[in-house]
Each structure stands twice: as structure tokens, then as C-alpha cells.
Amino acid sequence: MNSISEFNKFTSDLKEREYLMPVLFVGHGSPMNGIEDNEFSKRWEDMGKQIPVPSAVLVVSAHWFTKGTRVTAMEFPQTIHDFGGFPQELFDVEYPAPGHPALAKETATLLQSAHVELDHDWGLDHGAWTVVRRMYPKANIPVLQLSIDYTKNARYHYELAKELYALRKKGVLIIGSGNMVHNLRMISWAKMDEPGYGYDWALTMNEKFKQLIAEGDYQPLINYENLGPESRLAIPTPEHYLPLMYSLGLKDSKDNISFFNDKAMAGSLTMTSVLIDRN
């Protein structure tokens, strides 16, 4: 978008649509997926063509972990390169999608269980832009981020997500971006290029997570600390798991569940992703 007036015209009023927008949980994995043509990034591209074109995208990313809740409210969010040790090509990427200040205010209003601050300093971190860039390469759809309050538990985030449900009616695509199984300390660098390689505990927990999600049995997922030692290995810290709580919290009784990019990586990561929709 080349001007503020063009931006304002595009984002005037988000009206309710005749259908409910799908919800995604995306295993985003390495930042390199943002520039590499691989099975994961190609599936993100396909997903952008498969689901209805959104009026805006709201991402709950593992990489915006804050005290309290924030939502990006600037007109044009910066592209954040929040990583190190990668090729210059990755640092050179800019994703110039507009923001949506009016939607940010509406989001803050909807979240009555939290005091939400309108943020003008963050932008789009790699949990957001590496995925959305592949889905919508023209950067012509507004993108916002909602932070994860690190002082709250999984149940809080699951319940908070329900308050965003009205945005689905207005064509907003809500994406939880993290990884179900994410233990960077135990990565097998020697097996990085071996497709689908996962430790037994990682594969076991990935299948358990999928089973519970498919059955709609979310209480064990909310109380993941009680799922045994494999769960503690899969989720040594919660930031990459909590975005899943937002996606599941937005599902209603008529939605269907399907999985994509269901594969382990480097022993201790899984890229398993979830589509929640009516089809």
C-alpha cells in the first residue's frame, strides 16, 4: 500500500461476513523457513490459497512474551529480525504489511479479562512474518500481533482466546505461532537434515497432543504439566506451546480439526500444525 489514504480505504470498517474465518496453529520452526522453499513453507503458501482471504491477520507469536498483554497498534509495523547466526539474506527480508490501529483498539476492547496496552514499538517478529509472508506475499493484508502474558498460565490464555471469537465473524485470521514440541537444548544437529527424525519422547508427545486435539479433550492440554515426563521434555518452557491455547480457545462445536506439516525435526522439535474450520 503506497499511501495512508489507500490504507484507510482498505481498512475502513471490518463488517461481519456470512462465514466464520478459520483459525490456525502453525509450527513455525526455524526462521529460515521464511526464505527457503521447503515442504513447510510450501504448505503455508498453499494454506494462503486454500482458506478465504482474510480482512486482517492477528498473530499470537511465541516470540512476543511480555508482562501484561499488548497488541500492535501502529499503521506500519516494522519487520523484526529477532535471531542471530543466520545468513544475511534472512536479515535483509522486509515484510511491509500494514497494521490496523482500529482493529487493535477493537481487539483491546474485546479482551475484557485483560488490561491491553496499545503498542507502537514492537512490530512483526519472526514467529509472525516468516509464516504470513509465505501465505500472503503481496503484503497487502493488515497484520497485528497480540503478546503473551508470561505471568499467566495456560488456562488463562485458553479462556482469554474465547474473547476474540467475534473477530472470526469479521474475517480476521487468527494464527497461534509456536511449536507443540520445542526443546532447543536437546536438538540433534547431526540429524538436522534427516526428514522426520524425532526422539521417542518427542514423537510420543506429538501423537498425544494430536489425539487430545482431535478428540476435543482440551483439559489435559491445558494442564500439560501433568502429562508425564515426556511432556516436561516437550515443553521445557511454555512460550512456544501457549499459542496453541489461543487457537484451541477459538474453536467452537461446529468446527472441524485437521493437521498439516505433521513432522518432527532434529529430534526435539515438531512442525505439527492445526487448521480449525467448517469445511
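Please refer to the structure placed before this passage.
A brief report on the enclosed structure follows.

About the criteria used
Residues numbered from 1 in each chain as written. Predicted model: local features only at pLDDT ≥ 70, side-chain atom pairs only at ≥ 80, totals over all residues. Heavy atoms only, no water. Axes fitted to C-alpha atoms, helices over the stretch in contact; angles between N-to-C directions. Helix = DSSP H or I, 4+ residues; strand = E, 2+ residues; numbered from the N terminus. Parallel < 35°, antiparallel > 145°, perpendicular 65-115°, else oblique. Left-handed = near helix turned anticlockwise from the far one by under 90°. Contact = heavy atoms within 4.5 Å. Nonpolar A, V, L, I, M, F, W, Y, C, P; charged D, E, K, R; others polar. Core = buried A, V, L, I, M, F, W, Y, C linked by side-chain atoms within 4.5 Å. Buried < 20%, exposed > 50% of the residue type's maximum accessible area, 1.4 Å probe, protein only.

Below, the discussion takes up the packing of helix α2 (residues 39–50) against helix α5 (residues 126–135). Between α2 and α5, the least distance of the axes is 7 Å, while the angle of their chain directions is 55 degrees. Relative to α5, the element α2 is oriented oblique. The interaxial crossing formed by α2 with α5 has right-handed handedness. Between α2 and α5, the residues in contact are S41, W44, E45, M47 and G48 and T130, V131, R134 and M135, respectively. Among the residues forming the contact of α2 with α5, the class breakdown is four nonpolar, three polar and two charged.

A few words now on the nonpolar core. Core analysis: the biggest nonpolar cluster contains 48 residues, and L58, F209, L221 and M245 have the highest contact counts within it. The element that contributes the greatest number of residues to this core is helix α8 (residues 200–215), accounting for six residues. Excluding its chain neighbours within four sequence positions, the residues that come into contact with M245 are A154, H157, Y158, A161, L221 and I222. Counting 35 residues, the second-largest nonpolar core is a separate cluster that includes M47, L90, Y95 and L173.

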